[in-house]
Amino acid sequence: MIEQRIIIEMGMGNDLHGMDYQKAATRAIEDAIRHSTLPIFESIGLPHTEMRVQVTIGVQEPDKIDTQALISGLPRGRATVQAVKGGLNIPNPETGDTAVVATAAVEAFLPSQKGKWKTS
């Protein structure tokens, strides 16, 4: 099936004191999806189940991310989450704390809509 990417949103999240990559990743995804709305579904009567959502999370220790838990927090679509090396760890030598910064790219894809509807 040919798909078309209909949106890509980026987000950033952090955990300032707990060095919790999962918390930072969750916040990054929430930040990304807060910036978008997809009225196309209601406009053309397309069910949200037609949308495939692909999330990429960047953190310094990707093996500490529970991707299945992040999938369960996504509001719509058939989702996959991949954790990759990225983001930032920012140590504070005075306190011993490390701030964790995660980045997220949330992409939504639909089956090709070519010829199915027109704008006027």
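As shown above, the structure is provided for reference.
First things first, this report covers the structure right here in the doc. Not measured: the values here are computed from a predicted model.

1. Section: the overall build of the protein
And then number 1: Regarding its fold elements, the protein presents 3 helices and 5 strands.
And then number 2: Scanning the protein from its N terminus toward the C terminus, one meets helices and strands in the order β-α-α-β-α-β-β-β.
And then number 3: Expressed as lengths along the three principal axes of its C-alpha atoms, the size of the protein is roughly 60 × 25 × 20 Å.
And then number 4: Looking at the 120 residues of the protein, the share that counts as buried comes to 33%.
And then number 5: Nonlocal contacts in the protein, meaning residues at least 24 apart in sequence, comprise 75% of its contacts between residues at least 6 apart.

2. Overview of helix α1 (residues 21-34)
And then number 1: The terminal C-alpha atoms of α1 lie 20 Å apart, and with 14 residues this matches the ideal 20 Å at 1.5 Å per residue to within 8%.
And then number 2: Residues Tyr21, Gln22, Ala24, Ala25, Ala28, Ile29 and Ala32 constitute the buried set of α1. The arc enclosing the buried residues of α1, seen along the axis, measures out at 165 degrees, which places them on a common side.
And then number 3: Buried residues along α1 sit against β1 (3-15), β2 (52-59), α3 (67-72), β4 (88-91) and β5 (98-111).
And then number 4: For α1, the side-chain oxygen to backbone nitrogen distance between the N-cap and glutamine 22 is 3.0 Å, and the N-cap itself is aspartate 20.

3. Some thoughts on the side chain of threonine 98
And then number 1: Structurally, threonine 98 can be placed in strand β5.
And then number 2: Accessibility expressed as a relative area gives 15% for threonine 98, which makes it buried.

Rules behind the numbers
- Residues numbered from 1 in each chain as written.
- Predicted model: local features only at pLDDT ≥ 70, side-chain atom pairs only at ≥ 80, totals over all residues.
- Heavy atoms only, no water.
- Helix = DSSP H or I, 4+ residues; strand = E, 2+ residues; numbered from the N terminus.
- Buried < 20%, exposed > 50% of the residue type's maximum accessible area, 1.4 Å probe, protein only.
- Contact = heavy atoms within 4.5 Å.
- Expected span 1.5 Å × (residues − 1).
- Arc of directions from axis to C-beta.
- Polar contact = N/O pair within 3.5 Å; in protein donor to acceptor, adjacent residues only side chain to side chain.

Function cannot be read off these values alone, since they describe shape.
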